[in-house]
Amino acid sequence: MSDKYILALDQGTTGSRAILFNREGQIVSESRKEFTQIYVKPGWVEHDPMELWSSQLSVISAVTARSGIEGRDIVAVGITNQRETTIIWDRKTGEPVYNAIVWQDRRTAAACEKLEKDGYGNMIQKRTGLIPDAYFSATKIAWILNSVRGLRSRASAGELCFGTVDSWLLWKLTGGVNGGIHATDITNASRTMLYNIHTLEWDEELLKLFNIPLSLMPEVKTCSEVYGMTDSTVTGFRAPLSGVAGDQQASLFGHLCINEGMVKNTYGTGCFMIVNTGDKPVASSNRLLTTIAWQLGDELVYALEGSVFIAGAAIQWLRDGLGIIKDAPSSEELALGVEDNGGVYFVPALSGLGAPWWDPYARGTITGITRGTTSGHFARAALESIALQVRDVLKAMEKDYGRGFSELRVDGGASSNNLLMQFQSDILGMEVVRPAVMETTALGAAYLAGLAVGFWDSIEELKKQWTAERFFSPSMSDDKVQEHIAGWQKALAMARS
Ligand code: ADP
């Protein structure tokens, strides 16, 4: 009997990946391909939808070829994706009408400021859980419809489809112009700023506000159900597409943060923290986002989310800006060369500050430098700054949520740094857990797809196979913790002054 596998497609901001997971939730094969980042002008970031598609298709072929696994042994396919990135295409020809506008793109920032000025901020936050921002799809869709000649009438005539990247891939994988499915999942829908997270439908008033016809919008489905079958003339095999979630939500699921109050943080270029708040949407008074974690059958789970702009990027700056390390991992060795931060604090507000401060005018600041300061102190201060920013977001979440959390599950490039993880645990007074499988985003998509087709019977079964690689427990004295927090807050005030 041959073994069976789940194929997870992880369509990120810089690359497309395909990963095959076995029944034990382990990676058996993977393939990745980067694609072009199109920087049209400062603040504008686009991707070519056809290149997103071709790169995704090529890694699907590569991963099966490399593993020697036959298409018929793939029992289901899951998709996870960069969220909010906006694509509009013609349903008859399959041609995108414009490039994908990437989540990072700021071209509609002024339109969002105007929404706030015109008093729509509260209404939008109440209905969508989001704070009006250029990140989300709504103003990107409106921009495309308003900027490309002739689109308004084609949109009104129902000729066009809008989708986030999951929708685009779904449509292509299920046959495109030959009967492709135009759908999205509820987590991706919740990032468009057009989806009402309470009534669970596209919000007609918001569609009207942005002048977007309902016919453009994909059908919204749960995260774990059979959406359709892959078209074998496209993929080379026929399998159900049965799991879809945006990247941060998929990661929360991959971490098996399935109980209310469980929280994960991803340490990449920036940090993404997200907490499962159970069946109730928690409105934020601290400018965090309320969003949908997932829907499985009738069970709907909400989440609170906050992000830090500069985390691992502060370590890149030590390498590229200061030239004091040769690569990111050597920051640990350099930092271990000194006993402590020597009173040095670094606020890496290199592009303003994200949650919970949302201060675009804050700037990078280093305080407490003396004649005894060395590059080791800089490295330590930079690593500590990541953990201190994470603490600020976590504290804001605790305030909104009304109670504390018991552990933090971690992933992302910088979570491999043991000094950082130990300091994170110390400064939070909380256990930090690093899982054995670090590809939690793809794993989450695989879990969702596999559960839908009975490859795994239940979440209980998944819990049995989940293992931690390492636990970090708090060991710093309370005095020391308070000293760090006071030093950080002083530096933060300077960065913001
Ligand atoms: P992204 O998905 O945002 O590109 P990754 O999860 O690949 O991010 O992580 C890359 C980031 O993590 C980089 O900013 C890098 O500086 C940082 N990083 C990687 N390894 C380490 C390490 N051992 N110590 C500290 N930072 C690290």
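For the structure, check the block above.
Engineer: Would you mind going over the side chain of glutamine 465 with me for this structure?
Structural biologist: Mapped onto the fold, glutamine 465 is located in helix 16 (residues 459-465). A distance of 2.9 Å separates a polar atom in the side chain of glutamine 465 from the backbone oxygen of arginine 23. Engagement of the side chain of glutamine 465 in a polar contact is seen with the backbone nitrogen of glycine 25, the distance being 3.3 Å.

Engineer: Any chance you could explain the packing of aromatic side chains here in plain terms?
Structural biologist: Note on aromatic pairs: each is described by the distance of the centres and the angle between the planes. For the structure shown, the criterion picks out 15 aromatic pairs. Considering the side-chain rings of tryptophan 168 and tryptophan 171, the 6.2 Å spacing of their centres and the 15° angle between planes classify their relative orientation as stacked. In this pair, tryptophan 168 and tryptophan 171 both sit in helix 6 (residues 165-173), three residues apart, roughly one turn of the helix. Classification of tryptophan 168 as buried rests on a relative accessible area of 0%. You can call tryptophan 171 buried: its relative accessible area is 4%. Each ring, one from phenylalanine 253 and one from tryptophan 294, has its centre 4.9 Å from the other, and the planes form 75°; the classification is edge-to-face. Residue phenylalanine 253 is found in helix 10 (residues 247-254), and its partner tryptophan 294 is found in strand 18 (residues 289-296); the two are separated by 41 residues along the sequence. Note on accessibility: phenylalanine 253 and tryptophan 294 belong to one class, buried. Taken together through their ring pairs, the aromatic side chains of Phe253, Trp294, Tyr447, Phe455 and Trp456 make up a single cluster. Geometry around tryptophan 44 places lysine 41 over its ring, the cationic atom sitting 4.3 Å from the centre.

Engineer: I keep staring at the site of the ligand and nothing clicks. Help me out?
Structural biologist: Contacts to the ligand come from 14 residues, most closely from Thr269, Gly312, Pro329, Gly413 and Asn417. At 2.9 Å from an oxygen atom of the ligand is found a main-chain nitrogen or oxygen belonging to glycine 312. The contact in question runs from an oxygen atom of the ligand to an N or O atom on the backbone of alanine 414, over 3.5 Å. For the ligand, the accessible surface in isolation is 580 Å², of which the surrounding protein chains cover 67%.

Engineer: How should the pattern of salt bridges be read in this particular structure?
Structural biologist: If the charged atoms of two oppositely charged side chains come close together, the side chains can form a pair. Applying the stated rule across the entire model yields 29 salt bridges. Where glutamate 305 meets arginine 191, a salt bridge forms, and the shortest distance between an N and an O atom there is 3.2 Å. Of this pair, glutamate 305 sits in strand 19 (residues 299-308) while arginine 191 sits in the loop between helix 7 (186-189) and strand 11 (195-196), placing them 114 residues apart in sequence. Side by side, glutamate 305 and arginine 191 carry an identical accessibility label, which is buried.

Engineer: Please clarify how the sheet that holds strand 15 (residues 240-246) should be interpreted in this entry.
Structural biologist: Strand pairing in a sheet is mediated by backbone hydrogen bonds. Such pairs are either parallel or antiparallel. The strand order across the open sheet formed by six strands is 3-2-1-6-15-14, and the pairing between neighbours is mixed. Only two strands of the sheet have a single neighbouring strand rather than two, namely strand 3 (27-34) and strand 14 (224-229). Across the sheet, the mean angle from the axis of one strand to that of its neighbour is 25°, orientation sign disregarded. The pairing of strand 2 (residues 15-21) with strand 3 spans seven bridges and is classified as antiparallel. Counted as the bridge partner of alanine 18 is serine 31 from strand 3.

Engineer: Please clarify how the pairing of strand 6 (residues 74-81) should be interpreted in this entry.
Structural biologist: Walk down a regular strand and you will see the side chains alternate between the two sheet faces. Counting buried positions along strand 6 yields seven of eight residues, so the element is predominantly enclosed. Sheet topology places strand 1 (residues 5-11) next to strand 6; seven bridges connect them, and they run parallel. Paired with leucine 9 across the bridge in strand 6 is isoleucine 79. Sheet analysis places strand 6 next to strand 15, joined by five bridges and oriented parallel. Within strand 15, the position partnered with valine 77 by the bridge is leucine 241.

What counts and what doesn't
Residues numbered from 1 in each chain as written. Predicted model: local features only at pLDDT ≥ 70, side-chain atom pairs only at ≥ 80, totals over all residues. Heavy atoms only, no water. Helix = DSSP H or I, 4+ residues; strand = E, 2+ residues; numbered from the N terminus. Polar contact = N/O pair within 3.5 Å; in protein donor to acceptor, adjacent residues only side chain to side chain. Phe/Tyr/Trp six-rings, centres within 6.5 Å; stacked < 30°, edge-to-face > 60°. Buried < 20%, exposed > 50% of the residue type's maximum accessible area, 1.4 Å probe, protein only. Lys NZ or Arg CZ within 6 Å of the ring centre and 35° of its normal. Near = heavy atom within 4 Å. Areas by Shrake-Rupley, 256 points an atom, 1.4 Å probe, with all protein chains shown as cover. Salt bridge = Lys/Arg side-chain N within 4 Å of Asp/Glu carboxyl O. Pairing = 2+ DSSP bridges. Axes fitted to C-alpha atoms, helices over the stretch in contact; angles between N-to-C directions.

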